[in-house]
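A structural walkthrough
One-letter residues, chain by chain:
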Amino acid sequence: MIEERIQNIESKVRATRNIPEDTKAELLSLLEGLKSEVAALAKTHGDDARSIARFADVSAHEATRAQRKPALIEASLSGLTSSVEGLEAEHPKVVQIVNRLATILSNMGI
């Protein structure tokens, strides 16, 4: 289910025409990393892993929709960054990936 959700995000990113190719490539690379990191996280922190995947999905949806709503982008990104709070010590890589994803998606919403 988590991997499916991240694959769904990848599909959204690939299909969105209003993302510059270099940004799209970086997002896809980050999502590939997120997939493996969240899979490892799910073994010990299943609820956290599911939350990260869900918030990443909602954030990508809001940032890539044709008519963006800044308040929804902000709310979804807040949820995404909050979803990794407390994981820095045990899973620094997933925190790093999520923070970078949030930054890129936030910049797209401007």
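Here, every reference points to the structure presented above.
This write-up is about the structure you can find in this document. Predicted, not measured: the structure shown is a model, and the values here were computed from it. (Residues numbered from 1 in each chain as written. Predicted model: local features only at pLDDT ≥ 70, side-chain atom pairs only at ≥ 80, totals over all residues. Heavy atoms only, no water.)

1. Comments concerning the overall build of the protein chain
Selection rule: Counting from the N terminus, the helices are the DSSP runs of H or I reaching at least four residues and the strands are the DSSP runs of E reaching at least two. A radius of gyration in this sense is built from C-alpha atoms; the matching globule rule multiplies 2.2 Å by the number of residues raised to 0.38. Every residue pair with non-hydrogen atoms within 4.5 Å of one another is taken to be in contact. Here the open area of atoms and residues is found with the Shrake-Rupley method and a 1.4 Å probe, where only the protein chains shown may cover a residue. In summary, the charge assignment counts Lys and Arg as positive and Asp and Glu as negative, without counting His or the chain termini. The atom standing in for a charge is NZ when the residue is Lys, CZ when it is Arg, CG when it is Asp and CD when it is Glu.
Tallying secondary structure elements over the protein chain gives five helices and zero strands in all. Helices and strands appear in the protein chain in the N-to-C order α-α-α-α-α. The C-alpha atoms of the protein chain give 13 Å as radius of gyration, which agrees with the globular expectation for 110 residues (13 Å, within 12%). For the protein chain, the C-alpha atoms occupy an extent of roughly 35 × 25 × 20 Å along the three principal directions. For the protein chain, the share of sequence-separated contacts (at least 6 apart) that also reach a separation of at least 24 residues comes to 65%. Counting every atom, the protein chain has about 6,000 Å² of accessible surface; 49% of that belongs to carbon and sulfur. Taking the average location of the 14 positive side-chain charges in the protein chain and that of its 16 negative ones, the two points are 7 Å from each other.

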